[in-house]
Structure formats: C-alpha cells, structure tokens
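Residue-level structural notes
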Amino acid sequence: MSKTDIDIEKGWKDVLKNEFNSSYFHDLKFFLEAEKKKHTIYPPGNKIFSAFNRTPFDKVKVVIIGQDPYHGPGQANGLSFSVSSGIRKPPSLVNIFKELYADLGIPIPQDGNLEPWAEQGVLLLNATLTVKAGLPGTHQKKGWEKFTDAVIKTISDNKKGIIFLLWGNFAQTKAALIDKEKHFILAAAHPSPLARGAFFGCKHFSKTNKLLEHQGIMPIDWRIEK
C-alpha cells in the first residue's frame, strides 16, 4: 500500500492528507506490506477503505463505529458490522436487524451487506481497518486507531449535525473526540449476544431519522432489500 495506491475518495484524501503523509501511517503501511507477504489479511486490499469510498466525505450524515473487521473467509468488506453478500450474518448483525425490525418494522433481510446504508451517508467505520485471517485483534495498536481517531475528529471539526451511533463500551470511548455542541451522540450497549440483549430497545434507527428530519436532511432508508 504505497502512497500512490491508497484507493480512497478524493474528499477524504484531501481532509486526511496530513495523516497519509505522517510517519505513523508510513510505519503502518510498512507493517501491512510485511504482513501480506506472510499471512492472509482481511478485508482484501481493494476493500480496506470501502467505508470511505462508499460514503464520500461531503455525504456523511451518520457514523456507526465498530472495532475490528471480521476475521473469517469472505466476511469483511470494509464496512463495520457488514458482511459480503452471500455470507452468513454474524450474531451482532442479526441483533442489529432484530432491533431494526422492532423499531421500524423493517423485515429482517437475508443479505448482510450494509452497502445500501453506506451509500446514503452512513459511515460504517471500524477503529482498526485490517486483521489477520482467523486471529481477531491482530492489527490493533499498529496505527489504525490513530488514523480512525483522526477521521472521527476531522468529521467533528469540519461538519455539524452528524449523528454518531456508539454501540458498546469501546465505541463510547470515542465520544471524547466529538464536539457535543455541534453533533448528536446516541449510545447503547453493543449488539453482540454477549451484551445479553441490552442493545434491544435503543430505537437508534428511528431516533436517527428524527434527528435528520429535524435538520431538514433526508432520513436514511434502512432497508437492505427493497
């Protein structure tokens, strides 16, 4: 992943240019190049920045923060909580869809690919953008978190009225990067089954749309299958 082959939407490339030119990002690229020579890395290289390419900087309305990409074959597609079409839905995503049904009556889809959300302005951002196959967390603390923290702060500094959905304790630590005078934060338990159902009833999907409509912004059509 050399400086010239970072495949990211122009708006993001412009606002994050200091990050891409930084020493820590150079070190991160060096680490990833070495990892790819020895291991299978997810998501594939052309999908590492899918969240940014599917949701251009000037289109961001909502941010959903995840932690790590899925580490199973074919799962990770560069969008937090999302899986590639045709891949079995992981438990957290199943619970997200259950809450969506309870909140808005949207039938639970067969497809777990959240690209329809991303293309409407929902930035599906993982804190760490890559992982070694079969080994969760293996690319944490290598530089990705510094980069994605800069992404969150850049959104906070340069935009207003963004709705941040912070699910679980890890995501909620990112609230410190967000200007609460300019933006909206909706916090809930993580959708993982490990949270024992505490995510259910948060109604974040309807709340998000009400906040968007209050600002005169087109709400999100949360349906995956139409």
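That block above? That's the structure.
Reading the values: rules and limits
Residues numbered from 1 in each chain as written. Predicted model: local features only at pLDDT ≥ 70, side-chain atom pairs only at ≥ 80, totals over all residues. Heavy atoms only, no water. Phe/Tyr/Trp six-rings, centres within 6.5 Å; stacked < 30°, edge-to-face > 60°. Helix = DSSP H or I, 4+ residues; strand = E, 2+ residues; numbered from the N terminus. Lys NZ or Arg CZ within 6 Å of the ring centre and 35° of its normal. Contact = heavy atoms within 4.5 Å. Pairing = 2+ DSSP bridges. Axes fitted to C-alpha atoms, helices over the stretch in contact; angles between N-to-C directions. Core = buried A, V, L, I, M, F, W, Y, C linked by side-chain atoms within 4.5 Å. Buried < 20%, exposed > 50% of the residue type's maximum accessible area, 1.4 Å probe, protein only.

A separate point is the packing of aromatic side chains. This structure, assessed with the given rule, holds 21 aromatic pairs. With 4.9 Å between their ring centres and 75 degrees between their planes, Phe205 and Trp222 make a pair best called edge-to-face. Taken together, the positions of Phe205 in helix α9 (residues 204-214) and Trp222 in the segment after α9 put the pair 17 residues apart, joining distant regions of the chain. Members of the aromatic cluster, connected to one another through ring pairs, are Trp12, Phe20, Tyr24, Phe25, Phe49, Phe52, Phe57, Trp144 and Phe147. Sitting above the plane of the Phe57 ring, Lys159 keeps its charged end 4.5 Å from the centroid.

Within the secondary structure, Ser84 sits in the loop between β2 (62-66) and α5 (91-104). The residues contacting Ser84, other than those within four sequence positions of it, are Lys47, Gly74, Gln75, Ala76, Asn77 and Asn113.

Attention now moves to the sheet that holds strand β3 (residues 122-126). Strand order in this open sheet of four strands is β3-β2-β5-β6, and the pairing throughout is parallel. A strand with exactly one partner marks an edge of an open sheet, and here the two such strands are β3 and β6 (184-188). Between one strand and the next, the sheet's axes are offset by a mean angle of 20 degrees, whatever the strand orientation. Sheet strands in contact with helix α7 (residues 144-158) are β2, β3 and β5 (163-167), and its direction is about 150 degrees off that of β3.

As a further point, take the nonpolar core. Residues Trp12, Phe49, Phe52, Trp117 and Phe147 are the most contacted members of the largest nonpolar core, which totals 61 residues. The residues touching Phe52, leaving out its near neighbours within four places in the chain, are Ile8, Glu9, Trp12, Leu16, Leu123, Leu125, Leu129, Phe147 and Val151.

Purely spatial values, then, with no claim about function.
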